2 protein chains.
Amino acid sequence: MNKRQTKDLLYEQVSRIGKAVSSPKRLELLELLAQGEKTVDAVAAEASLDIRLASAHLKVLKEARLVEARREGRFIAYRLSGDDVSALWVNLRTVAEEHLVELKVEMERIFAAPEKLDAETRRSLLEKARRGDVVVIDVRPSAEYETGHLPFARSMPLDEIRQRLKELPADRDIVAYCRGPFCMMSAEAVELLREHGFRAHKIADGTPEWQAAGLPLAES
Amino acid sequence: MNKRQTKDLLYEQVSRIGKAVSSPKRLELLELLAQGEKTVDAVAAEASLDIRLASAHLKVLKEARLVEARREGRFIAYRLSGDDVSALWVNLRTVAEEHLVELKVEMERIFAAPEKLDAETRRSLLEKARRGDVVVIDVRPSAEYETGHLPFARSMPLDEIRQRLKELPADRDIVAYCRGPFCMMSAEAVELLREHGFRAHKIADGTPEWQAAGLPLAES
DNA sequence: CGTATATTCTAACGATTATTGGAATATGTC
DNA sequence: GACATATTCCAATAATCGTTAGAATATACG
């Protein structure tokens, strides 16, 4: 086999990964699975897809080895095939945020203040959370919290906040996070909390961003 | 605009990056441009593409804002639009190498021993090169060396090695690198050097891998 | 063992993309 | 200003992909 044919083979293989991430729906599914293992109809519902279409997209992701499937009774549970896949998603989204003006303006339109974190801010947030100077709340569904969450964060799913307001302090800063920069749950939580007089802020990070920055998650 | 429409818009934008990297040819062009600014016919020749097809692919990359173009006299020079693009290429290739068995076996078939470097090995190589315990040679075309190269590496383009053998030490290890794990220039260099009795080895890293690992390059 | 549920498979269609060759544009040179 | 060179534009074709709907499979439950 000559050099050209060999090279074609190599790039062809890498393009399998590229093709897998070339569809907006599949990217959404990847981000969902980055929050933990989920069944087909769970991701289909979250991404507003017909179950059969979601299944087809998951199949493509599986053939690119970005996800793995496992039967769980009547359901089939999909999960990312590694932390590097989650990091790839973060990388793709970051490059898009950096270079695509259309995405930048859209993000600014949706989220008034885009609270991007740098390494230093992440470290200091962690320290303040450890000391209890701020209360970090994870507003995702509790199953996702249990798969992995920011250290010192407590679970406070968006649809439970209203009933659990008394668990939160009125005299300290509350920092809310959810699935990542594209997720709107933390913004909704902050709005709700501010209406009730709390000092709430959101950060753009989700667990995938935190992990991609090389920081450890907590479990249980 | 409702939540679904907003989400669709966001993932749609990220998928522009995904679509750009979904073609093997475009990945090859990206890797070439990660070695430095190049003209259309230069990359077309390197990638064995018709100039018109190369131009079309570069246009797609430009529309995804992964590359930028600049007129240079009669030529048009393309370059990556940032170091993060180079890092994205490395990330995609690494995920592919990690998860795609077909790629793994193909790599093993081509390159007898895949000399992957971890953080520690990179550091110690750098130290040995600094002290002069090993001679690191950059076998890429000299223009690429000038755009950026590993610290303490000297330029020794593949097609000049035969004439410049006397510049190399016979009593020390020689480490050759080129554009990255897919590039065959360092393997050819090592073969040539060993035939002449040198103690030559190759590493898989190119400048993109080195940079993506957070290490600095040298210029000039 | 029959029924309900979750998922996959298959076939079909329309939309998008890769590739090709010819024509057009832009720059530099004589 | 005519010519050569580098690149882009345009139109056409073949290949691939996304989506939809109906049928098939596989497991759990009564």
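Conventions we followed
Residues numbered from 1 in each chain as written. Chains lettered and ligands numbered in written order. Predicted model: local features only at pLDDT ≥ 70, side-chain atom pairs only at ≥ 80, totals over all residues. Heavy atoms only, no water. Contact = heavy atoms within 4.5 Å. Buried area = accessible area lost by both parts, 1.4 Å probe. Salt bridge = Lys/Arg side-chain N within 4 Å of Asp/Glu carboxyl O. Polar contact = N/O pair within 3.5 Å; in protein donor to acceptor, adjacent residues only side chain to side chain. Helix = DSSP H or I, 4+ residues; strand = E, 2+ residues; numbered from the N terminus. Nonpolar A, V, L, I, M, F, W, Y, C, P; charged D, E, K, R; others polar. Buried < 20%, exposed > 50% of the residue type's maximum accessible area, 1.4 Å probe, protein only. Least-squares fit on C-alpha atoms with pLDDT ≥ 70 in both. Near = heavy atom within 4 Å.

Here's the deal with the interface of chain B and chain A
At the interface, 56 residues of chain B touch 56 residues of chain A. A combined buried area of about 4,800 Å² lies between chain B and chain A, and 65% of that area is made up of carbon and sulfur atoms. Three residues stand out in chain B for area buried against chain A, namely B:Leu10, B:Tyr11 and B:His99, and they jointly supply 15% of the buried area on that side. There are six salt bridges connecting chain B and chain A. Counting every contact that joins chain B to chain A gives 19 residue pairs in polar contact (both at pLDDT 80 or more). Only helix H1 (3-20), helix H2 (24-33), helix H5 (83-99) and helix H6 (101-110) of chain B provide two or more residues apiece to the side of chain B that touches chain A. Class assignment of the residues belonging to the side of chain B that touches chain A gives a composition of 26 nonpolar, eleven polar and 19 charged.

Details of unusual backbone geometry
Negative phi values dominate among residues other than glycine, just as trans dominates among peptide bonds. You will see that A:Arg65, though not glycine, has its phi angle at about 60°, which is positive. Within the secondary structure, A:Arg65 sits in the loop between helix H4 (51-63) and strand S2 (67-72). Classification of A:Arg65 by relative accessible area gives partly exposed; the value is 32%. With phi around 70°, B:Phe152 is a residue other than glycine that occupies positive phi space. Inspection of the secondary structure assignment puts B:Phe152 in the loop between helix H8 (142-147) and strand S5 (153-155).

Some details on the environment of B:Ala69
Residues and elements named next belong to chain B. Secondary-structure assignment places Ala69 in strand S2 (residues 67-72). On a C-alpha basis, the gap between Ala69 and Ala112 in space is 38 Å, while along the polypeptide they are 43 residues apart. Once residues lying within four places of it in the same chain are set aside, the contact partners of Ala69 are Lys62, Ile76, Ala77 and Tyr78.

As for the relation of the copies chain B and chain A
Once turned by 180° and shifted 0.0 Å along the axis, chain B lies on chain A with an RMSD of 0.0 Å. Look at the turn and shift together and you get a two-fold axis relating the two. Here 100% of the interface residues in chain B have copies in chain A that are interface residues too; the copies meet face to matching face.

Thoughts on the protein's contact with DNA strand D
For DNA strand D, the set of nearby residues contains 20 residues, the closest of which are A:Arg52, A:His57, B:Asp41, B:Ser55 and B:Tyr78. Counting only the atoms of DNA strand D within 4 Å of the protein, the fraction contributed by sugar and phosphate is 73%. Side-chain polar atom of A:His57 to a phosphate oxygen of DNA strand D: 2.8 Å apart, as the coordinates give it. Within the side chain of B:Tyr78, an N or O atom sits 2.6 Å from a phosphate oxygen of DNA strand D. For the surface near DNA strand D, the elements supplying multiple residues, two or more each, are helix H2 (24-33) and H4 of chain A together with helix H3 (40-46), helix H4 (51-63) and strand S3 (75-80) of chain B. Across the surface near DNA strand D, the residue classes break down as five nonpolar, five polar and ten charged.

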